[in-house]
Amino acid sequence: MVSRSFLFLQVLIMFSLAVIAFSDLSDDFYEDVCPEALPTIKRVVEDAVRKERRMGASLLRLHFHDCFVNGCDASVLLDQTATIDSEKTARANNNSARGFEVVDKIKSEVDKACGRPVVSCADILAVAARDSVVALHGPTWEVKLGRRDSTTASRTTANNDIPSPFMDLPALINNFKNQGLDEEDLVALSGGHTLGFAQCFTFRDRIYNETNNIDSTFASQRQANCPRSGGDSNLASLDPTAALFDSKYFSNLVSKKGLLHSDQALFSGGETDNLVKTYSTNLGTFSKDFAESMIKMGNIKPLTGSQGQIRVNCRKVN
């Protein structure tokens, strides 16, 4: 006769395997429940990028800033309330993070297409980031899906964990390592700065006070739109082609024309120099590595299974 303990052990093993299987992200998560989900996200993203090319970089950045704060759980989208410490006012996001209205539009259209809220805001951010890169002539990749949305946010964690534009290479390596990302991921994902702009206050110190690792003509050109005082929100492109996914970001670093201190830190005599050089002359290698690192970043501590929730409104907890 089979003992009760043996039966209990079998049940426990089966339950554990079921939880593991259920908790894994997959690239066909919505295939049966809502096959129109991904095409709908793509359509809204393409429309938004067509109206404003810069929006592609903004949506990519939202996903990045989401994943680096307690995992890819859409906490970055939550508004401030009595119980939510919104990440929107963290140093890296305040008056800087944008694209929230586009995410609202995607959520509305996807829920309409699916007939109910089945697609999480966290998955919307992950897919919108991919579709934004593709819309700006970058690589595509299979986005693993099945994330659920957080019921909390943390401005303090955002302040501590989102990498700063003032970091040097050791700090950047350590910051990414804390997220389970290595030096190749650091360089590849930093290449997301092939798209978009930065505000004057993030690079003022570099163009006025750094001398060893910056092209003097480049510094003078940036000073024209970024005075020593005032003009904090004046914009400069992170590379010469701010709305095109290419390798010029890395070419700039080799020429000592990185806009942010943290950009130029990747090519400053350290262990990431060789990879920067490789990417500067090989768009194919950069594109492949970028896609792989985006998948890896998208897998940071997702909420799955019965964890979290599927928000009805991405800005607030149900």
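Before reading on, note that the structure itself is shown above.
All figures in this text were calculated on a predicted structure; none of them were measured in a lab.

J.: I keep staring at the pattern of salt bridges and nothing clicks. Help me out?
T.: Oppositely charged side chains can form a pair if their charged atoms are brought close together. What the rule picks out here adds up to 22 salt bridges. Here Arg315 and Glu101 are joined by a salt bridge, their closest N and O atoms 4.0 Å apart. Pair noted here: Arg315 is in the segment after helix 14 (283-298) and Glu101 is in helix 4 (residues 100-114), with a separation of 214 residues, a long-range link. The closest approach of N and O atoms between Asp123 and Arg147, which form a salt bridge, is 2.6 Å. Of this pair, Asp123 sits in helix 5 (residues 121-135) while Arg147 sits in the loop between helix 5 and helix 6 (155-161), placing them 24 residues apart in sequence. Here Asp123 falls in the buried class, since its relative accessible area comes to 1%.

J.: Explain the layout of surface pockets here, please?
T.: Rolled over the atoms, a probe as big as a water molecule pinpoints where empty space is left. If you add up the space inside the largest pocket, you get close to 950 Å³. Lining the largest pocket are 41 residues, with Arg61, His65, Ala92, His193 and Leu260 sitting closest to its centre. Broken down by secondary-structure element, the contributors of at least two residues to the lining of the largest pocket are helix 3 (54-67), helix 6, helix 7 (169-177), helix 8 (183-190), strand 1 (197-199), helix 9 (200-209), helix 12 (261-264) and helix 14. When residues of the lining of the largest pocket are assigned to their parent elements, the largest contribution, eight residues, is made by helix 3. A per-class count over the lining of the largest pocket returns 23 nonpolar, 13 polar and five charged.

J.: How do you make sense of helix 7 when you look at a structure like this?
T.: In an α-helix, one turn spans 3.6 residues, which is why side chains three or four residues apart end up on the same side. All of the buried residues in helix 7 are Leu169, Leu172, Ile173, Asn175 and Phe176. Down the axis of helix 7, the sector holding all buried residues measures 160°, keeping them to one side. Exposed positions of helix 7 whose direction lies more than 90 degrees from the buried face are Pro170 and Lys177. Those residues of helix 7 hidden inside the fold are in contact with helix 3, helix 6, helix 8 and helix 12.

J.: Is there a simple way to think about helix 14 in this case?
T.: In this model, helix 14 (16 residues) spans 22 Å end to end at C-alpha, consistent with the 22 Å of a helix rising 1.5 Å per residue. Residues of helix 14 that are buried make contact with helix 3, helix 5, helix 8, helix 11 (248-254) and helix 13 (273-281). Measuring from the side-chain oxygen of the N-cap residue of helix 14 to the backbone nitrogen of Gly284 gives 3.2 Å; that N-cap residue is Asn282.

J.: It is not clear to me how the environment of Thr83 should be interpreted in this structure. Could you clarify?
T.: Along the chain, Thr83 turns up in the loop between helix 3 and helix 4. Each C-alpha atom of the pair Thr83 and Thr152 lies 8.2 Å from the other, and the pair is 69 residues apart in sequence.

J.: Can you help me understand the side chain of Ser237 in this one?
T.: Relative to the assigned elements, Ser237 resides in strand 2 (residues 235-237). Classification of Ser237 as buried rests on a relative accessible area of 19%. Engagement of the side chain of Ser237 in a polar contact is seen with the backbone oxygen of Asp239, the distance being 2.9 Å.

J.: I tried to follow unusual backbone geometry on my own but got confused; where do I start?
T.: With the exception of glycine, most residues fall at negative phi, and the peptide bonds are largely trans. Backbone geometry at His137 places phi at a positive 70°, although glycine is not the residue there. Along the chain, His137 falls in the loop between helix 5 and helix 6. Even without being glycine, Lys301 reaches a positive phi, approximately 40°. Turning to its location among the elements, Lys301 is positioned in the segment after helix 14. On the accessibility criterion, Lys301 (52% relative accessible area) is exposed.

J.: Teacher, can you tell me more about the packing of aromatic side chains here?
T.: Any aromatic ring pair is given by two values, namely how distant the centres are and how the planes are angled relative to each other. Considering all chains together, one arrives at 12 aromatic pairs under this definition. Connected via pairs of aromatic rings, a cluster forms that spans Trp141, Phe245, Tyr249, Phe250, Tyr279, Phe286 and Phe290. Here Lys88 stacks its cationic end above the ring of Phe100, 4.2 Å away from the centre of that ring.

J.: Is there a simple way to think about the state of the cysteines in this case?
T.: Cysteine pairs can be covalently joined through their sulfur atoms, and such a bond is termed a disulfide. Within this structure, the stated rule accounts for four disulfides. Bridging Cys34 to Cys114, the disulfide has an S-S length of 2.0 Å. On the sign convention where negative is left-handed, the bridge of Cys34 and Cys114, at about -85° about the S-S bond, is left-handed. With a gap of 80 residues between them, Cys34 in the loop between helix 1 (4-23) and helix 2 (37-51) and Cys114 in helix 4 connect regions that are remote in the sequence. Note on accessibility: Cys34 and Cys114 belong to one class, buried. Disulfide partners in the protein chain, listed by the sequence order of the bonded cysteines, are 1-4, 2-3, 5-8, 6-7.

J.: Help me out: how do you make sense of the side chain of Thr241 in this one?
T.: Checked against the element boundaries, Thr241 lands in the loop between strand 2 and helix 11. A distance of 2.4 Å separates polar atoms of two side chains, one belonging to Thr241 and the other to Asp246.

J.: Looking at this model, I keep getting lost on the nonpolar core. Mind explaining?
T.: Nonpolar side chains in soluble globular proteins generally cluster together in the buried interior. In terms of nonpolar packing, the biggest core is built from 69 residues, with Leu62, Leu77, Ile106 and Leu266 touching the most fellow members. Residue contributions to this core peak at nine residues, all from helix 5. Leaving out residues up to four positions away in the same chain, Leu266 has contacts with Leu169, Leu172, Leu186, Val187, Ser190, Tyr249, Leu253, Thr272, Asp273 and Val276. Ala198, Cys200, Ala236 and Leu238 belong to the second largest nonpolar core, which has 13 residues in total.

Procedures and definitions
- Residues numbered from 1 in each chain as written.
- Predicted model: local features only at pLDDT ≥ 70, side-chain atom pairs only at ≥ 80, totals over all residues.
- Heavy atoms only, no water.
- Salt bridge = Lys/Arg side-chain N within 4 Å of Asp/Glu carboxyl O.
- Helix = DSSP H or I, 4+ residues; strand = E, 2+ residues; numbered from the N terminus.
- Buried < 20%, exposed > 50% of the residue type's maximum accessible area, 1.4 Å probe, protein only.
- 1 Å grid on protein atoms, 1.4 Å probe; cavity = no way out; pocket = protein on both sides within 12 Å on 5 of 7 lines; lining within 4 Å.
- Points joined across faces, edges and corners; volume = space filled by probe spheres on them.
- Nonpolar A, V, L, I, M, F, W, Y, C, P; charged D, E, K, R; others polar.
- Arc of directions from axis to C-beta.
- Contact = heavy atoms within 4.5 Å.
- Expected span 1.5 Å × (residues − 1).
- Polar contact = N/O pair within 3.5 Å; in protein donor to acceptor, adjacent residues only side chain to side chain.
- Phe/Tyr/Trp six-rings, centres within 6.5 Å; stacked < 30°, edge-to-face > 60°.
- Lys NZ or Arg CZ within 6 Å of the ring centre and 35° of its normal.
- Disulfide = S-S within 2.5 Å.
- Core = buried A, V, L, I, M, F, W, Y, C linked by side-chain atoms within 4.5 Å.

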